[in-house]
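Structural characterization, general
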Amino acid sequence: MRVLTGVWRWRHNSLRRATDRREAWVALVACVLLVLAAPALGWFCGARADDALQASVRAQQAGRRLTTAVVVRQVTGRHYVTDPEVPTDRTAATPVVARWHAPDGSVRSATVTTASRDTATGARVRIWTDLAGDPAPRPLDAPTAHTHAALAGLGASMLSVLVIEGGRRLIVRRMVRGRYERLDRAWAEAGPDWGRTGTGS
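Residues numbered from 1 in each chain as written. Predicted model: local features only at pLDDT ≥ 70, side-chain atom pairs only at ≥ 80, totals over all residues. Heavy atoms only, no water.

Here we come to the overall build of the chain. Tallying secondary structure elements over the chain gives 3 helices and 5 strands in all. Its helices and strands taken in sequence order, the chain reads α-α-β-β-β-β-β-α from the N to the C terminus. Sorting the 201 residues of the chain into buried and exposed places 27% on the buried side. A fraction of 65% describes how many contacts in the chain between residues 6 or more apart in sequence connect residues 24 or more apart. (Helix = DSSP H or I, 4+ residues; strand = E, 2+ residues; numbered from the N terminus. Buried < 20%, exposed > 50% of the residue type's maximum accessible area, 1.4 Å probe, protein only. Contact = heavy atoms within 4.5 Å.)

Turning next to a positive patch on the surface. Together, R21, R22, R182 and R185 line one region of the surface with positive charge. If you list the elements that add at least two residues to the positive patch, you get α2 (18–63) and α3 (142–190). Summarising the element assignment, R185 is placed in helix α3. With a relative accessible area of 49%, R185 lands in the partly exposed category. (Patch = residues over 30% accessible without salt bridge, like charges linked within 9 Å, V, L, I, M, F, W, Y side chains within 5 Å. Areas by Shrake-Rupley, 256 points an atom, 1.4 Å probe, with all protein chains shown as cover. Salt bridge = Lys/Arg side-chain N within 4 Å of Asp/Glu carboxyl O. Lys, Arg positive; Asp, Glu negative; His and termini not counted. Charge placed at Lys NZ, Arg CZ, Asp CG, Glu CD.)

This paragraph deals with the nonpolar core. Judged by nonpolar contacts, A69, V71, V96, A98, W100, V112, A123, V125 and I127 together constitute the single largest core of 9 residues. Among the elements of the structure, β1 (64–74), β3 (91–101) and β5 (124–130) are those that each provide at least two residues to this core. The greatest single-element share of this core, amounting to 3 residues, is contributed by β3. Every residue in contact with A69, bar those within four places of it in the chain, is listed here: A98, R99, W100, A123, R124, V125 and I127. (Core = buried A, V, L, I, M, F, W, Y, C linked by side-chain atoms within 4.5 Å.)

Further remarks concern a nonpolar patch on the surface. Among the surface-exposed residues, W25, L28, V32, L34, V35 and L36 lie close enough to one another that they form a single nonpolar patch of about 570 Å² accessible area. Classification of L28 as partly exposed rests on a relative accessible area of 33%.

With that settled, consider the environment of T144. Mapped onto the fold, T144 is located in helix α3. Measuring from C-alpha to C-alpha, the distance between T144 and Q54 comes to 9.8 Å, with 90 residues separating the pair along the chain.

To continue, consider the pattern of salt bridges. As enumerated under the stated definition, the model contains 3 salt bridges in all. Salt-bridge contacts for E165 lead to R168; the nearest nitrogen and oxygen are separated by 2.9 Å. One end of the pair, E165, and the other, R168, are both in helix α3, 3 residues apart, so they sit about a helical turn from each other. E165 serves as the salt-bridge partner of R169, at 2.9 Å between the closest nitrogen and oxygen. Here R169 and its partner E165 are both found in helix α3, 4 residues apart, which amounts to about one turn of the helix.

Before going further, it helps to examine the side chain of T114. Assignment of secondary structure puts T114 in strand β4 (residues 107–114). On the basis of relative accessible area, T114 is assigned to the buried category, the value being 5%. There is a polar contact of 3.1 Å between the side chain of T114 and the backbone nitrogen of S116. (Polar contact = N/O pair within 3.5 Å; in protein donor to acceptor, adjacent residues only side chain to side chain.)

Taking 1.5 Å per residue, 49 residues should reach 72 Å; α3 reaches 72 Å between its end C-alpha atoms and fits that length. Three or more residues of α3 are buried, namely T144, A145, A149, G153, A156, S157, S160, I164, V172, M175, G178 and R179. (Expected span 1.5 Å × (residues − 1).)

This part takes up the environment of R108. Along the chain, R108 falls in strand β4. Measuring from C-alpha to C-alpha, the distance between R108 and A98 comes to 8.3 Å, with 10 residues separating the pair along the chain. When neighbours within four sequence positions are excluded, R108 is seen to be in contact with A98, R99, W100, A102, A132, G133 and D134. Within the local environment of R108, its side chain forms a polar contact with the side chain of S106, the two groups lying 3.3 Å apart. Polar side-chain contacts of R108 include one of 3.2 Å to the backbone oxygen of A132.

Our next topic: the confidence of the model for the chain. Per-residue confidence for the chain gives a mean pLDDT of 82; residues scoring 70 or more make up 77%. Across the chain, β5 holds the top mean pLDDT of 92, while strand β2 (residues 79–81) sits lowest at 52. (pLDDT = per-residue confidence, 0-100.)

Looking now at the side chain of T119. Mapped onto the elements of the fold, T119 is located in the loop between β4 and β5. With relative accessibility at 6%, the residue T119 sits in the buried group. If we ignore the near neighbours within four places in the chain, the residues touching T119 are V71, Q74, T94, V96 and T114.

Here it is in structure tokens:
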């Protein structure tokens, strides 16, 4: 932006160089991309991610069901699990051996985890199973999917900002390097005659 305002302020100055104009154009293009393209890319990526996650939400919720199980016995220890599909950051889960009925009427038994505080033998807990009655993870919910999509859009927007600014800096650096190389060549050509009496007359 300093390059843009500086060149605009002294655009009629006779000391202005062609490289100054090119740097100003590079800065202008980068500014437009930062203001328009980066947010648009973030919105697009976020919207696409949200569509995909919401489809996953519908598929998971259609393929899983809450089932009431009876605790057979506790498994020693209480641990914390981090579930990306649960809104809370950390969920205290107690492993227990539980028994429940599958949709076909058969009795199933397995070690599952539950967030219920009452895990005594004979207590009833709610667990997630698939349509066949086997234990399954908790399905993704819509609010969590929206949050993940928003974070994906924000990440895409920030990444595009870094790419745009990195590209601008790289282009300007190459332009400055080319300017110094031309100056060195001009100085080398003028060097042998520098300071001699009558040079250029």
